[in-house]
Amino acid sequence: MVSRIHIMGASGSGTTTLAKALSNELGYKHFDTDDYYWIPSEIPFTRIRDIEERQSLLKKDLEKYDNWILSGSLCGWGDILISHFELVIYLWIPRDIRIRRLTKREKERYGSAIEPGGNRYESSNEFIEWAAKYDEAGVEMRSKKLHEIWLSRLECPILRIERDMTVKECVNVVMNII
């Protein structure tokens with residue numbers, strides 16, 4: 001049985017949602033790269049943690065457990081952890097679905113603060129614009145191209161789920177593999 005899984009993909013592709021569902025199904029500990037990348041603050045997702053600190057914190061946490069699932073992207077800063085992965089799951093869904101999900105999530109998190117005149121209006125729009133570039137952007141940002149290059153360097157098995165599916169369908173696909 002696979003005991004150390006990394007789930008990655010574009011923002012809004014469902015990596016965290018699938019990781020939570022699989023963690024519940026398997027009884028594995030769930031970690032998310034955002035918890036290591038960002039410094040907790042009054043205004044979330046605004047202060048980036050130093051690379052060495054991210055690596056140290058995440059490695060320390062992963063080493064505490066035999067069975068875990070890590071969701072999110074760590075290309076470029078978390079490569080020291082590649083040898084820990086027994087399976088990498090890559091999620092991809094069409095841009096319009098991702099952007100719809102992300103817009104909904106932003107509204108749920110921040111409410112009227114993302115409306116014109118709100119204190120998160122600009123940052124929310126910038127985030128959505130950034131996320132929309134995933135499929136066409138180069139390696140200078142979190143992109144399909146960067147992820148494909150990163151995936152090509154892995155020695156562990158890779159499961160690609162590259163279509164819109166329910167969480168339960170994704171869980172079933174993974175469970176059939178592991």
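These numbers come from a predicted model, not from an experiment. The numbers attached to residues start from 1 for each chain and follow its sequence in the written order. Two thresholds apply to this predicted model, a pLDDT of at least 70 for residue-level local features and 80 or more for giving and counting side-chain atom pairs, whereas whole-chain, interface and lining totals are computed over all residues. Hydrogens are left out, water is left out, and the side-chain values use all remaining heavy atoms of the structure.

S.K.: Describe the overall build of the protein, with residues and values.
M.R.: Secondary structure counts use DSSP, requiring at least four H or I residues in a row for a helix and at least two E residues in a row for a strand, with both numbered from the N terminus. Within the protein one finds 7 helices and 5 strands. In sequence order, the protein lays out its α and β elements as β-α-β-α-α-β-β-α-α-α-β-α. Throughout, the radius of gyration refers to the C-alpha atoms, and the reference size of a globule is 2.2 Å times the residue count to the power 0.38. Against the 2.2 N^0.38 benchmark of 16 Å for 178 residues, the protein shows a C-alpha radius of gyration of 16 Å, consistent with a compact globule. Taken along the three principal axes of its C-alpha coordinates, the protein extends 50 × 35 × 30 Å. Residues counted as buried form 43% of the 178 residues belonging to the protein. In the protein, of all internal contacts separated by at least 6 residues, the share reaching a separation of at least 24 is 68%. Counting only carbon and sulfur atoms, one obtains 49% of the accessible surface of the protein, whose full area is about 9700 Å². We treat Lys and Arg as the positive residues and Asp and Glu as the negative residues; His and chain ends play no part in the count. We put the charge of a Lys on NZ, of an Arg on CZ, of an Asp on CG and of a Glu on CD. Mean positive and mean negative side-chain charge positions of the protein (26 and 28 charges, respectively) differ by 2 Å. Type-normalised accessible area, obtained with a 1.4 Å probe on protein chains alone, sets the label of each residue: buried when under 20%, exposed when over 50%, and partly exposed for intermediate values. In this analysis, two residues are considered to be in contact whenever any of their non-hydrogen atoms come within 4.5 Å of each other. Areas reported as accessible are Shrake-Rupley estimates using a 1.4 Å probe. Residue values count occlusion only from the protein chains shown.

S.K.: Tell me about the pattern of salt bridges, residues and numbers included.
M.R.: Salt bridges are identified by distance alone: a Lys or Arg side-chain nitrogen within 4 Å of an Asp or Glu carboxyl oxygen. Inspection of the entire model under this criterion finds 12 salt bridges. In this structure, Lys 59 and Glu 63 form a salt bridge, with 3.9 Å as the shortest nitrogen-oxygen distance. Lys 59 sits in the partly exposed class, given a relative accessible area of 32%. Of the residues examined, Glu 63 reaches a relative accessible area of 52% and is grouped as exposed. Its salt-bridge partner being Lys 144, residue Glu 162 comes within 3.6 Å of it at the nearest N-O pair.

S.K.: Describe the packing of helix H1 (residues 15-26) against helix H7 (residues 167-177), with residues and values.
M.R.: Packing of H1 against H7 leaves a shortest axis separation of 10 Å and a crossing angle of 60°. Accordingly, the angle class assigned to the pair H1 and H7 is oblique. Relative to H7, H1 is oriented so that their crossing is right-handed. The residues of H7 that touch H1, namely those facing Thr 17, Leu 18, Ala 21, Leu 22, Glu 25 and Leu 26, are Val 167, Lys 168, Cys 170, Val 171, Val 174 and Met 175. When residues are grouped by polarity, Ala, Val, Leu, Ile, Met, Phe, Trp, Tyr, Cys and Pro land in nonpolar, Asp, Glu, Lys and Arg in charged, and all others, Gly among them, in polar. Among the residues making up the contact of H1 with H7, the classes are represented as 9 nonpolar, 1 polar and 2 charged. Axis definition: a line fit to C-alpha positions, over the contact stretch in the case of helices; interaxial angles, taken between N-to-C directions, run 0 to 180 degrees. An angle below 35 degrees is read as roughly parallel, one above 145 as roughly antiparallel, one from 65 to 115 as roughly perpendicular, and any other as oblique. The crossing is said to be left-handed when, going from far helix to near helix, the turn is anticlockwise and less than a right angle, and right-handed when the turn is clockwise.

S.K.: Go over the environment of His 147 with me, naming the residues and quoting the values.
M.R.: Mapping His 147 onto the fold places it in helix H6 (residues 144-152). Using a relative accessible area of 0% as the deciding quantity, one classes His 147 as buried. Taking the C-alpha atoms as reference points, His 147 and Ser 73, 74 residues apart in sequence, are found 8.6 Å from one another. Each residue touching His 147, except ones within four places of it in the same chain, is listed here: Met 8, Gly 9, Ala 10, Ser 73, Cys 75, Tyr 90, Tyr 134 and Arg 142.

S.K.: Give a detailed account of the pairing of strand S3 (residues 68-71), specifying residues and quantitative values.
M.R.: Going residue by residue along S3, you find Trp 68 and Leu 70 tucked away on one face and Ile 69 and Ser 71 tucked away on the opposite face as well. Here, any two strands with at least 2 DSSP bridges between them count as paired. Strand direction decides the pairing type here: strand S1 (residues 4-9) and S3, joined by 4 bridges, are parallel. Within S3, the position partnered with Ile 5 by the bridge is Ile 69.

S.K.: Which residues make up the side chain of Ser 143, and what values go with them?
M.R.: Mapping Ser 143 onto the fold places it in the loop between helix H5 (121-132) and H6. Exposure remark for Ser 143: the relative accessible area of 0% places this residue in the buried category. Separated by 3.1 Å, the side chain of Ser 143 and the backbone nitrogen of Leu 146 make a polar contact. Polar contacts, as used here, are pairs of N or O atoms within 3.5 Å; protein pairs need one atom able to donate a hydrogen and one able to accept it. Residues neighboring in sequence count only if both atoms are side-chain atoms.

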